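# An overview of the molecular structure
Residues per chain, in single letters:
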Amino acid sequence: MTHPSVLLVDDDVGMVETLGDILATSRYQVATADSGEAAVARVRADRFDAVLMDIRMPGLNGVQALRAIKSLAPGIPVIMMTAYTRDELIAEAQQTTGFPVLGKPLDIDRVLALLARLIPSPSARPLGIA
Amino acid sequence: MAGAPDLPSGKTGHGTQWAIVGVLVGLFVILLVAGYFFNQVLRLEEAQSLAESEAIARGVAAFIQAREENYVNSLLAYAGRFRFREAVERKNRAEALVHLRQFRDLFSEMDSTFLADPGGVLWARFPETPGLYGRSFADRDWHRGVSREWRPYVSEVFVSAGSGVPVVALAVPIRDLKGKVIGIIGSSQRLDVIRQWLLPIKVPGGDLYLVDRKGQFVFHPTRTGPGHLSDYARVPIVGRLLRGEEGVLEQENPVEHDVRLAAYRPLPSLGWGLVVQRNKNLALQRMHTLILGSGTVGLVLTIALTFLGVVAIRSQRRVVVALDERNRSTEELRRANDRYRERLRILREIDQAILAEEAPVAIGEAAVRGLRDLLGVPRAIVNLFDLASGEAEWLAAAGRRRVHLGPGVRFPLTLMGDVEALRRGEPQVIDVTSLPRGPEAEALLASGVHAYMAVPMIAGGELIGALSFGGAHAEFPPEHISITREVADQMAIALSQARLYERVKREAEELEQRVRERTAQLEAAQDELVRAERLAILGQLAGGMSHELRNPLGVIKNSVYYLRMVLPEEERVRKHLGILDREVETATRIISGLLDFARVTPPSRVEVDLNALVRDQLERMPQPCSITVVLELASDLPPVLADPEQIRLVLSNLISNANQAMPNGGTLTIQTVHAAAGVTLTVADTGLGIAPEHLERIFEPLFTTKAKGIGLGLPLAKRLVESNQGKIRVESTPGQGTCFELRFAGV
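For clarity, every value in this text was computed on a predicted model and none was experimentally measured.

Analysis parameters
- Residues numbered from 1 in each chain as written.
- Chains lettered and ligands numbered in written order.
- Predicted model: local features only at pLDDT ≥ 70, side-chain atom pairs only at ≥ 80, totals over all residues.
- Heavy atoms only, no water.
- Helix = DSSP H or I, 4+ residues; strand = E, 2+ residues; numbered from the N terminus.
- Buried < 20%, exposed > 50% of the residue type's maximum accessible area, 1.4 Å probe, protein only.
- Contact = heavy atoms within 4.5 Å.
- Areas by Shrake-Rupley, 256 points an atom, 1.4 Å probe, with all protein chains shown as cover.
- Lys, Arg positive; Asp, Glu negative; His and termini not counted.
- Salt bridge = Lys/Arg side-chain N within 4 Å of Asp/Glu carboxyl O.
- Polar contact = N/O pair within 3.5 Å; in protein donor to acceptor, adjacent residues only side chain to side chain.
- Buried area = accessible area lost by both parts, 1.4 Å probe.
- Nonpolar A, V, L, I, M, F, W, Y, C, P; charged D, E, K, R; others polar.
- Arc of directions from axis to C-beta.
- Pairing = 2+ DSSP bridges.
- 1 Å grid on protein atoms, 1.4 Å probe; cavity = no way out; pocket = protein on both sides within 12 Å on 5 of 7 lines; lining within 4 Å.
- Points joined across faces, edges and corners; volume = space filled by probe spheres on them.
- Axes fitted to C-alpha atoms, helices over the stretch in contact; angles between N-to-C directions.
- Core = buried A, V, L, I, M, F, W, Y, C linked by side-chain atoms within 4.5 Å.
- Phe/Tyr/Trp six-rings, centres within 6.5 Å; stacked < 30°, edge-to-face > 60°.
- Lys NZ or Arg CZ within 6 Å of the ring centre and 35° of its normal.
- Right-handed = clockwise from strand over helix to strand, strands pointing away.

Before going further, it helps to spend a moment on the overall build of chain A. Looking only at helices and strands, chain A features five helices and five strands. Mapped in sequence order, the helices and strands of chain A form the string β-α-β-α-β-α-β-α-β-α. Evaluated residue by residue, chain A yields a buried proportion of 53% over its 130 residues. At a minimum sequence separation of 6, the contacts of chain A that also span at least 24 residues come to 67%. By element, 52% of the accessible surface of chain A is carried by carbon and sulfur atoms, the whole surface being about 5800 Å².

This is the structure we're talking about:
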């Protein structure tokens with residue numbers, strides 16, 4: 001049985017690496033993408049249990065990518081995050097995903113709790129780092 | 001006869017002859033004696049006539065000179081006036097005309113008053129004659145005369161270009177403050193006016209005339225009009241006058257065949273000459289010749305001559321007496337003349353003081369002082385009328401010894417007599433004993449004033465006040481009244497001018513004050529704009545930077561979290577991870593503060609329950625256990641109209657400030673009160689407090705006393721409270737704590 005897979009999308013390499021390590025340590029299979037375009041390509045190619053994506057990115061921004069992902073896989077839960085607390089994109093993101101947009105710096109406990117709620121009993125599965 | 005006893009007694013024929021010879025010799029002696037006496041009579045008569053002529057000439061000359069000098073001095077006083085000089089310097093014709101009109105009003109006998117530049121080009125004249133403006137009068141005698149040494153000059157007779165009648169002109173240079181000549185003020189005097197005041201002077205048995213420096217008649221009893229302009233320089237006596245000589249001359253009139261004795265006298269300051277001439281008694285002179293010529297007149301004639309001799313002796317006595325009389329009257333004339341000159345001098349002083357002073361009180365004091373001295377009265381007062389209130393007020397008063405400051409003494413207008421009559425220009429005599437008994441009347445009687453006279457001051461047809469003077473008796477000589485009238489007229493003009501000047505000055509000051517206030521307002525607005533601009537730039541910078549910093553902070557925070565997950569439970573490592581976590585939190589909070597400050601948006605105001613907001617915010621900000629939280633929330637608190645998120649931000653700032661002010665614990669008290677003017681919310685701590693010198697600056701952006709923090713929390717709170725129509729106030733005692741008070745209007 002495989003661990004639940006999470007696609008982590010951010011143009012900030014530090015963010016992808018640190019959050020990826022935390023998620024991996026928490027027994028998620030972590031895939032990463034550094035742009036909206038790459039994220040859409042990954043979703044088209046593979047199946048993920050959840051997507052964690054930044055809003056502000058060069059090229060295709062988070063919300064545009066979100067729309068593309070939702071059209072490819074309507075059932076996939078997407079959690080959006082941003083460093084900009086008053087972005088006009090926040091409202092749209094929130095509406096599309098149905099979840100609150102998380103502010104950076106992230107409250108990791110909250111991220112993990114949210115993921116746990118979306119993907120049932122990940123901790124029951126054996127540990128494995130992707 | 002000593003030799004008579006020696007004569008032979010029989011020689012009677014000789015005796016008769018001797019007797020006849022004796023009688024003839026006696027007759028001859030008698031004739032000689034009579035002739036001598038008669039001669040004496042004639043000489044006395046002549047001397048008397050001459051002395052009289054000279055005395056008249058002296059008196060008349062002094063009179064004319066004093067009068068003309070008064071005009072010249074008045075012109076000089078005008079030329080020295082500051083505002084007038086300014087008008088001349090700027091060639092401001094409108095303003096200069098006001099002064100010229102005023103001068104003409106003072107001396108209405110003047111034909112015209114005019115202004116020319118130093119080159120003699122006319123640029124203002126009253127009565128107005130625009131046709132003459134710009135015309136050069138450089139070749140006129142008045143211009144040549146005044147410009148020779150730049151001294152006052154009285155011109156020769158000429159026909160006025162403006163009015164076409166013979167006039168003389170008085171011209172006076174106008175100098176600026178450095179003494180440079182900037183123009184000429186002149187005034188032309190009609191000869192028929194001079195004639196009017198010289199004609200009444202009667203010379204017994206003769207007449208008088210005046211010539212100018214060219215030998216033209218300034219005044220002649222029979223020659224008028226064009227007759228003035230003939231040249232009489234060839235007449236011997238005029239010739240002597242033109243040479244500046246003084247004396248008496250006997251001259252024969254070829255037409256009337258009589259001889260005249262003329263006293264002539266130059267008036268050097270005017271360039272005029274005066275001649276007083278009288279008929280010599282020719283009949284007596286002829287008889288004198290006849291008697292001296294006939295050595296052989298008979299006894300009858302001798303007796304007649306003897307008789308005449310007796311008559312002559314008597315007449316001589318009479319003549320001596322008459323001469324004494326004349327000498328006495330000459331002396332009296334001289335004294336009267338001295339008195340007149342003294343009067344003119346004081347009047348001139350008053351004039352000059354009135355013209356020179358600018359403050360009404362100073363003008364008034366100059367006038368009353370002069371008037372008191374001139375009239376020799378115990379008191380003289382300038383009273384100003386307030387016709388609307390029916391009151392009068394002293395502007396200045398001169399008593400026997402000193403000049404009082406006038407303003408302040410007020411009294412009913414009825415004390416000035418019949419106001420309607422005053423308005424018509426009629427002086428009023430007021431008998432103090434007939435006044436109704438009152439403090440004013442008592443005070444007057446106590447100071448020895450039993451009657452006084454009020455002479456109206458009328459400016460521009462308006463009755464503005466009265467000059468009053470009084471004493472122990474109700475007798476006011478016509479001379480005093482005419483002098484007082486003259487001073488009153490001058491005062492009226494000067495006062496109305498001074499009032500106008502003061503009004504203009506006051507308005508200018510008010511304007512200046514308004515400009516100063518407006519400038520201060522503009523400067524304050526400018527400062528505010530500059531500050532707002534600076535804050536806006538700071539906000540943009542801070543906003544942009546904060547976002548960029550949030551990402552790396554987020555990464556650090558993630559790393560710490562990861563390390564805590566994977567590192568063994570070693571205490572020192574835990575501690576450092578804790579430090580990292582806390583510092584990241586602090587940095588994040590600072591950045592959030594910056595972002596908040598940079599992004600104050602217009603409030604979206606709704607009805608807010610402050611009590612609920614306070615509870616909610618305290619829940620979000622758990623306080624350390626060293627701090628006791630006391631809530632005193634009013635149960636009847638009405639809602640306020642405000643943006644809840646912004647007020648929450650304010651609360652969060654104030655609570656976190658209170659928190660930081662109590663590092664060793666204390667009490668945080670939050671209170672809401674339903675006040676008359678709305679709602680009050682206070683956040684009080686028992687912390688370190690704020691030093692008084694810092695207290696007024698804590699709402700300034702970037703002012704901070706904390707080691708950590710950039711000083712935006714309180715300025716943000718103030719901005720937010722004020723943009724929600726509220727007020728924020730602070731009180732603090734160092735060592736005891738700080739209390740912030742917010743006020744909002746109720747809904």
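From this point, the narrative continues.
Further remarks concern the side chain of Asp176 of chain B. Residue and element names in this part refer to chain B. Positionally, Asp176 belongs in the loop between strand 5 (166–175) and strand 6 (181–190). Comment: no salt bridge for buried Asp176; closest opposite-charge side chain is Lys180, at 5.1 Å. A polar side-chain atom of Asp176 sits 2.9 Å from the main-chain amide nitrogen of Lys178. Leaving out residues up to four positions away in the same chain, Asp176 has contacts with Arg85, Glu89 and Ile182.

On to the interface of chain B and chain A, then. On the side of chain A, 20 residues touch chain B, which itself brings 17 residues to the contact. Overall, the association of chain B and chain A removes approximately 1700 Å² of surface from exposure, summing both partners, and the carbon and sulfur fraction of that is 59%. Counting the surface chain B buries against chain A, the share from its top three residues, Arg550, Asn558 and Tyr561 of chain B, is 33%. Counting the contacts that link chain B with chain A gives zero salt bridges. There are five residue pairs in polar contact (both at pLDDT 80 or more) connecting chain B and chain A. Among the elements that line the side of chain B that touches chain A, the one with the most residues is helix 12 (residues 478–566) of chain B, at 14 residues. Residues belonging to the side of chain B that touches chain A are distributed by class as follows: six nonpolar, seven polar and four charged.

Turning next to helix 14 (residues 610–620) of chain B. Since there are 3.6 residues in each turn of an α-helix, residues three or four apart along the chain are aligned in direction. Residues and elements named next belong to chain B. Those residues of helix 14 lying buried are Leu610, Asn611, Leu613, Val614, Gln617 and Leu618. Taken around the axis of helix 14, the buried residues stretch over an arc of 160°, which confines them to a single face. Helix 14 presents Glu619 and Arg620 as exposed residues on the side facing more than 90 degrees away from its buried surface. Regarding helix 14, its N-cap is Asp609, as a side-chain oxygen of that residue lies 3.1 Å from the backbone nitrogen of Asn611 further along.

Residues and elements named next belong to chain A. Reading across from one edge, 2-1-3-4-5 is the order of the five strands in this open sheet, with parallel pairing throughout. One side of each edge strand has no neighbouring strand; the edge strands of this open sheet are strand 2 (29–33) and strand 5 (102–103). Pairing geometry for strand 4 (residues 78–82) and strand 5, over two bridges, is parallel. Bridged to Met81 within strand 5 is Leu102.

Residues and elements named next belong to chain B. Checked against the element boundaries, Leu355 lands in helix 8 (residues 299–356). With a relative accessible area of 9%, Leu355 lands in the buried category. In sequence terms Leu355 and Ala77 are 278 residues apart; their C-alpha atoms lie 7.1 Å from each other. Sequence-distant contacts of Leu355, defined by excluding residues within four places in its chain, comprise Ala77, Tyr78 and Arg81.

The next subject is the pattern of salt bridges. Summed over the entire model, instances satisfying the criterion amount to 35 salt bridges over all chains. Residues Arg47 of chain A and Asp49 of chain A are paired through a salt bridge, measuring 3.1 Å at the closest nitrogen-oxygen approach. Judged by its relative accessible area of 64%, Arg47 of chain A is exposed. On the basis of relative accessible area, Asp49 of chain A is assigned to the buried category, the value being 18%. Salt-bridge contacts for Arg334 of chain B lead to Glu331 of chain B; the nearest nitrogen and oxygen are separated by 2.7 Å. Separated by three residues within a single helix, Arg334 of chain B and Glu331 of chain B lie in helix 8, roughly one turn from each other. On the basis of relative accessible area, Glu331 of chain B is assigned to the partly exposed category, the value being 31%. Salt bridges here are not isolated pairs; linked through shared partners, they connect Glu331, Arg334, Arg335 and Asp338 of chain B.

Here we come to empty space enclosed by the protein. One water molecule sets the probe size; rolling that probe over the atoms shows where empty space is left. Residues and elements named next belong to chain B. Enumeration according to the criterion identifies three cavities of 30 Å³ or more in this entry. Of the pockets and cavities examined, the largest cavity occupies roughly 140 Å³. In terms of lining, the largest cavity is formed by 15 residues, of which the most central are Phe114, Arg125, Phe158, Ser160 and Ala161. When residues of the lining of the largest cavity are traced back to their parent elements, those giving at least two are strand 1 (110–116), strand 2 (122–126) and strand 5.

Attention now goes to the sheet that holds strand 24 (residues 727–733) of chain B. Residue and element names in this part refer to chain B. Read from one edge of the open sheet, five strands run 20-22-23-25-24, paired in mixed fashion. Sheet topology places strand 20 (627–633) and strand 24 at the edges, where each strand pairs with a single neighbour. Pairs of neighbouring strands in the sheet enclose a mean axial angle of 10°, with direction left out of account. The strands touched by helix 14 within the sheet are strand 20, strand 22 (666–675), strand 23 (678–685) and strand 25 (737–744), with strand 20 carrying the most contacts at an inclination of about 165°. Against the sheet, helix 17 (residues 713–723) makes contact with strand 24 and strand 25, and its axis sits at roughly 145° relative to strand 24, the strand it touches most.

Moving on: the nonpolar core. All names here are of chain B. Judged by nonpolar contacts, the single largest core of 62 residues is most densely connected at Ile64, Leu115, Trp142, Ile185, Trp272 and Leu274. With eleven residues, helix 1 (residues 12–79) is the largest single contributor of residues to this core. Setting aside residues no more than four positions away along its own chain, Trp272 makes contact with Ile64, Glu68, Val154, Ser155, Val168, Ile194, Leu210, Val211, Asp212, Val218, Pro266 and Leu267. Counting residues in hydrophobic clusters, the runner-up holds 42 residues, among them Leu618, Phe703, Val730 and Leu742.

This structure, assessed with the given rule, holds five aromatic pairs over all chains. Relative to Trp142 of chain B, the ring of Phe114 of chain B lies with its centre 5.0 Å away and its plane at 50°, an arrangement referred to as tilted. Here the residue Phe114 of chain B occupies a position in strand 1, and Trp142 of chain B occupies one in helix 4 (residues 141–149), the gap between them amounting to 28 residues. For the pair formed by Phe114 of chain B and Trp142 of chain B, the shared burial category is buried. Sitting over the ring of Tyr84 of chain A, Arg56 of chain A keeps its end group 5.8 Å from the ring centre. The aromatic ring of Phe699 of chain B is capped on one face by Lys718 of chain B, whose charged end is 5.4 Å from the ring centroid.

On to the pairing of strand 4 of chain A, then. Residue and element names in this part refer to chain A. Here strand 4 lies mainly inside the structure; five of its five residues are buried. As paired elements, strand 3 (residues 50–54) and strand 4 share four bridges and run parallel to each other. Looking at strand 4, one finds that Val51 is bridged to Val78. What joins strand 3 to strand 4 is helix 3 (residues 62–72), and the crossover it makes is right-handed.

The analysis is restricted to geometry; functional conclusions fall outside its scope.
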